[in-house]
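What follows is the residue order along each chain.
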Amino acid sequence: MNFDELENMARFMRRNILEASLACNLSAHLGGGLSIVEITATLYGRVLRFDPKNPSWADRDRFILSKGHGVLGFYSALLAAGMISEETFKTFQHNGSDLIAHPVMNPALGIESSNGSLGHGLSMAIGLALAARRKHQNHKIYVLLGDGECNEGSVWESIMSAAQFKLDNLIAIIDYNQLQSDGDSRKIMDLGGLSEKLGSFGWDACDVDGHCIPELFSAMTRPPRPGCPRVLVAHTVKGKGISFMENNNDWHHNRLTQANFERAIAEVGEIQ
Amino acid sequence: MMEITPANARLWSRLGSRGMFGQAILALAGSDPKLMVLSADLGNSSGLERFRNSYPEQFLNVGIAEQNMIGIAGGLAKEGFTVFATSFAPFISMRAAEQIRMNLGYMELNVKAVAIGSGLAMGLLGNSHYGLEDAAIMRAIPNLTVVCPADCGEIAKTVFAAASHHGPMYIRLTGSVNTPVVYQADYPFEIGKAITLREGKDIALIATGSMVHAALETAIRLEAKGISCSVVNMHTLKPLDTGVLEHLCTTTKLMVTLEEHSRIGGLGSAVAEHLAGFGQHPPLEIIGLADKFDKAGEYPYLLDMHGLTPERLTETVFTRYQRIA
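Residues numbered from 1 in each chain as written. Chains lettered and ligands numbered in written order. Predicted model: local features only at pLDDT ≥ 70, side-chain atom pairs only at ≥ 80, totals over all residues.

> Help me understand the overall build of chain B, please; the structure alone is not making it clear to me.
In terms of regular secondary structure, chain B is built from 12 helices and 12 strands. Over its C-alpha atoms chain B spans a radius of gyration of 19 Å, differing by no more than 12% from the 20 Å that the globule rule assigns to 325 residues. When its C-alpha atoms are laid out on the principal axes, chain B stretches across 60 × 40 × 40 Å. Per-residue burial for chain B yields a buried fraction of 57% across its 325 residues. Within chain B, residue pairs in contact and separated by at least 24 positions form 79% of the contacts whose partners lie at least 6 positions apart. (Helix = DSSP H or I, 4+ residues; strand = E, 2+ residues; numbered from the N terminus. Rg over C-alpha atoms; globule rule 2.2 N^0.38 Å. Buried ≥ 20, exposed ≤ 12 C-beta atoms within 10 Å, placed from the backbone. Contact = placed C-beta atoms within 7 Å.)

> Please clarify how the overall build of chain A should be interpreted in this entry.
Per the secondary structure count, chain A includes 11 helices and seven strands. Over its C-alpha trace chain A gives a radius of gyration of 17 Å, about what one expects of a compact globule, namely 19 Å for 272 residues. The burial tally for chain A puts 50% of its 272 residues in the buried class. Long-range contacts, defined as pairs at least 24 residues apart, comprise 76% of the intrachain contacts of chain A with a sequence gap of at least 6.

> I keep staring at the environment of B:M2 and nothing clicks. Help me out?
Note that B:M2 resides in the segment before helix 1 (6–29). As a C-alpha pair, B:M2 and B:A24 span 22 residues in sequence and 7.7 Å in three-dimensional space.

> Looking at this structure, how should I read the packing of helix 8 (residues 211–224) of chain B against helix 12 (residues 310–324) of chain B?
Helices that pack against each other are described as a pair by the angle of their axes relative to one another and the distance between those axes. All names here are of chain B. Close contact between helix 8 and helix 12 brings their axes to 9 Å; oriented N to C, the two are set at 60°. Here helix 8 lies oblique to helix 12, going by the angle between them. The interaxial crossing formed by helix 8 with helix 12 has right-handed handedness. Where helix 8 approaches helix 12, its residues A214, E217, T218, R221 and L222 are matched on the opposing element by P310, L313, T314, V317 and F318. Among the residues making up the contact of helix 8 with helix 12, the classes are represented as six nonpolar, two polar and two charged. (Axes fitted to C-alpha atoms, helices over the stretch in contact; angles between N-to-C directions. Parallel < 35°, antiparallel > 145°, perpendicular 65-115°, else oblique. Left-handed = near helix turned anticlockwise from the far one by under 90°. Nonpolar A, V, L, I, M, F, W, Y, C, P; charged D, E, K, R; others polar.)

> Looking at this structure, I do not really get the domain arrangement of chain B. What am I missing?
All names here are of chain B. According to the domain assignment, chain B contains domain 1 (6–172) and domain 2 (195–324). Distance between the C-alpha centres of domain 1 and domain 2: 26 Å. Taken together, the contacts link 22 residues of domain 1 with 26 residues of domain 2. Listed by contribution, the elements that provide at least two residues to the side of domain 1 that touches domain 2 are helix 6 (134–139) and strand 5 (145–147). Counted by class, the side of domain 1 that touches domain 2 contains 12 nonpolar, five polar and five charged residues. (Domains from an automatic or database assignment.)

> Sorry if this is basic, but what is going on with helix 8 of chain B here?
Residue pairs spaced three or four apart in an α-helix point in one direction, given the helix's 3.6 residues per turn. All names here are of chain B. Taking 1.5 Å of rise per residue, 14 residues should cover 20 Å, and helix 8 covers 20 Å from first to last C-alpha, within 8% of that figure. Within the sequence span of helix 8, burial applies to M211, V212, H213, A214, A215, L216, T218, A219 and L222. Residues of helix 8 that are buried sit in contact with strand 7 (195–198), strand 8 (203–207), strand 9 (229–233), strand 11 (254–262) and helix 12. Positive backbone phi, approximately 85°, marks G226, located one or two places after helix 8. (Expected span 1.5 Å × (residues − 1).)

> Teacher, can you tell me more about the environment of A:G183 here?
Residues and elements named next belong to chain A. With respect to the helices and strands, the residue G183 is situated in strand 5 (residues 183–184). Residue classification places G183 among the exposed residues on the basis of 12 C-beta atoms within 10 Å. Through-space distance from the C-alpha of G183 to that of N249 is 6.5 Å; in sequence the pair is 66 residues apart. Discounting residues that sit within four places of it in the chain, G183 has contacts with I188 and N249.

> Is there a simple way to think about the sheet that holds strand 6 (residues 204–209) of chain A in this case?
All names here are of chain A. Strand order in this open sheet of five strands is 1-2-3-7-6, and the pairing throughout is parallel. At either margin of the open sheet sits one strand with a lone partner, and together these are strand 1 (62–65) and strand 6. With direction set aside, neighbouring strand axes in the sheet form an average angle of 20°. Bridging between strand 6 and strand 7 (residues 230–235) involves six bridges; their strand directions are parallel. From the neighbouring strand, A205 faces strand 7, where its bridge partner is V231. (Pairing = 2+ DSSP bridges.)

> I would appreciate a short explanation of the interface of chain A and chain B in the present structure.
In many analyses, interface size is given as the accessible surface area lost on bringing the parts together. Listed per partner, the contact involves 18 residues of chain A and 19 residues of chain B. Looking at the side of chain A that touches chain B, the elements with two or more residues in it are helix 6 (121–134) and helix 7 (153–164) of chain A. No other element matches helix 6 of chain A, which puts eight residues into the side of chain A that touches chain B.

> Can you help me understand the sheet that holds strand 1 (residues 35–39) of chain B in this one?
Sheet strands associate in pairs through backbone hydrogen bonding, adopting either a parallel or an antiparallel arrangement. Residues and elements named next belong to chain B. Spatial ordering of the open sheet is given by 2-1-3-4-6-5-10, a layout of seven strands whose pairing is mixed. Only two strands of the sheet have a single partner each, and these edge strands are strand 2 (59–61) and strand 10 (236–238). Sheet twist, expressed as the mean angle between neighbouring strand axes with direction ignored, is 20°. The strands touched by helix 3 (residues 66–78) are strand 1, strand 3 (82–88) and strand 4 (111–116); relative to strand 3, the strand with the most contacts, the crossing angle is about 170°.

> What exactly am I supposed to notice about the pairing of strand 9 of chain B here?
The side chains of a regular strand alternate between both faces of the sheet. Residues and elements named next belong to chain B. Taken across its five residues, strand 9 has five buried, putting it largely inside the fold. Residue alternation in strand 9 divides its side chains into two sets, C229, V231 and N233 and S230 and V232, and both sets are buried. Pairing geometry for strand 7 and strand 9, over three bridges, is antiparallel. Bridge pairing in strand 9 places T196 opposite V232. Where strand 8 meets strand 9, five bridges bridge the pair, whose relative direction is parallel. What sits directly across from A204, in strand 9, is S230. One crossover worth recording links strand 8 to the parallel strand 9 by way of helix 8, and it is right-handed. (Right-handed = clockwise from strand over helix to strand, strands pointing away.)

> Where do I start with unusual backbone geometry in this structure?
Negative phi values dominate among residues other than glycine, just as trans dominates among peptide bonds. That bond from B:K238 to B:P239 is cis: its omega, -5°, falls within 30 degrees of zero. Topologically, B:P239 is positioned in the loop between strand 10 and helix 9 (242–251). At A:N25, a position not held by glycine, the phi torsion is positive, near 60°. Judged by local crowding, A:N25 falls into the exposed class, with 12 C-beta atoms found within 10 Å. Of note, the phi angle at B:N178 is positive, near 50°, even though the residue is not glycine.

> Help me understand the environment of B:G63, please; the structure alone is not making it clear to me.
One can find B:G63 in the loop between strand 2 and helix 3. For B:G63, a count of 15 C-beta atoms within 10 Å gives the class partly exposed. Expressed as a C-alpha distance, the spacing of B:G63 and B:S39, which sit 24 residues apart in the sequence, is 7.6 Å. For B:G63, the contacting residues outside a window of four places in its chain are A:M160, A:S161, B:A40 and B:D41.

Structure below.
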């Protein structure tokens with residue numbers, strides 16, 4: 001996909017996020033799902049190597065959604081990428097569904113791991129990266145964390161070890177939207193200077209605009225710095241794309257009414 | 001495979017449970033190129049020096065970071081490796097409990113979490129290092145198989161059985177060095193299948209880990225008092241061999257469980273959970289550690305203090321039996 005097509009994919013995803021949230025008639029993690037849409041669109045539309053007809057292809061790139069509550073920005077990307085059907089996508093948050101509020105490992109649907117509890121995904125990604133290196137496989141491991149998630153001590157255990165093990169086949173992206181469940185991250189547990197912190201831990205760290213697809217693409221795909229895991233601190237807006245949700249933590253986890261749905265969908269724009 | 005002979009049994013007993021685990025892993029490595037062994041900076045204390053030196057590519061020290069270790073183990077297992085992740089019992093079972101729940105339980109990844117020095121074996125290092133509650137916690141996590149081998153020979157059996165068993169496990173190693181020998185000769189070992197070591201008609205002594213040998217010694221002492229005991233090695237705490245329990249229910253007058261673990265949540269609880277479903281069963285005496293953090297001491301001192309030596313066990317079981325006889 002070219003960048004215009006990726007922008008279009010992001011609009012398609014936002015539309016589907018809103019429709020699935022309305023249809024389930026339950027609270028959903030809209031804010032943190034919308035903030036990652038450009039990141040997952042860039043990954044699933046252009047960067048990741050995978051085969052929807054063969055989801056367990058051994059040489060596929062791996063993607064772990066460590067911030068498991070971001071599923072709306074993940075399932076909608078899997079839908080756009082043809083990994084899950086529209087019929088399956090429509091079961092979002094239905095009783096007994098494969099697509100609930102946090103990912104449940106499902107190789108057939110391209111969901112690599114079960115998440116939801118924060119601070120687990122980067123450790124698993126390190127295991128996947130070590131396995132790829134040991135098996136002389138060239139695929140890459142991508143893992144998406146939340147900034148609030150970085151409050152977890154286990155995240156820092158894994159940050160240290162990825163650098164120690166020189167995993168240059170590992171690319172982490174941190175959704176740096178600066179809002180967590182109880183409010184402003186800077187007031188709760190300030191991660192200020194996150195990319196500098198990560199750089200000092202031995203990572204190839206950079207700041208990117210997490211809603212700028214060309215910038216994300218370039219940062220994800222430039223050649224690795226030998227022996228260094230890479231991290232993109234993706235500056236994002238929680239609730240991105242829907243004006244009344246942007247930077248409004250009421251939409252961390254909330255139910256979409258018909259009236260709000262209509263206001264929101266009008267802002268998404270037409271799919272080409 | 002490592003064959004149990006009288007000479008091996010003597011040698012392995014001197015190595016103790018940690019040294020034996022290291023030997024078994026070393027023997028396994030040659031036959032399993034997919035083996036990976038992870039340690040949270042306790043490789044030396046876990047008997048893994050020779051493995052690390054012989055197979056450096058298959059050994060990973062993740063630093064003092066048990067949570068990260070289990071996540072990494074999960075990732076490696078997902079890609080087809082057989083992963084043994086090791087640390088001291090409380091650190092692996094409690095510091096990393098939720099990682100075990102997610103990776104081994106929820107995702108059923110093929111990781112064997114190995115608890116070194118469980119029970120009271122850490123002696124004067126104190127309660128911070130004891131494994132008092134680990135079996136209770138691990139047993140409650142869906143999909144986990146929990147095994148607690150009876151002696152060094154059975155540690156070797158467990159390691160080999162674990163490697164060929166596809167699925168998550170918690171392996172609980174009790175005992176220190178110069179561990180008493182239960183098995184002098186080779187025998188068939190199967191995860192989930194208890195082993196009856198002795199048949200008797202009065203009391204069933206159902207033991208796990210270090211308490212299996214103590215149960216055999218207790219049975220001999222009770223025999224001298226005219227009481228005949230069955231002794232069962234319940235090496236697998238989950239899934240529990242309920243068939244053997246049902247047999248004992250109808251053939252004995254008192255059932256006794258013995259474990260170097262809190263009386264809450266371990267073997268005794270597992271047996272009680274099963275027996276509770278029966279209209280009639282013999283009384284059940286659960287012998288284990290009291291629900292408290294007690295004073296520390298050397299391992300033999302602790303076993304005596306907690307009433308887990310054959311002499312003390314004989315008194316306890318005899319007194320209990322007199323109440324029903």
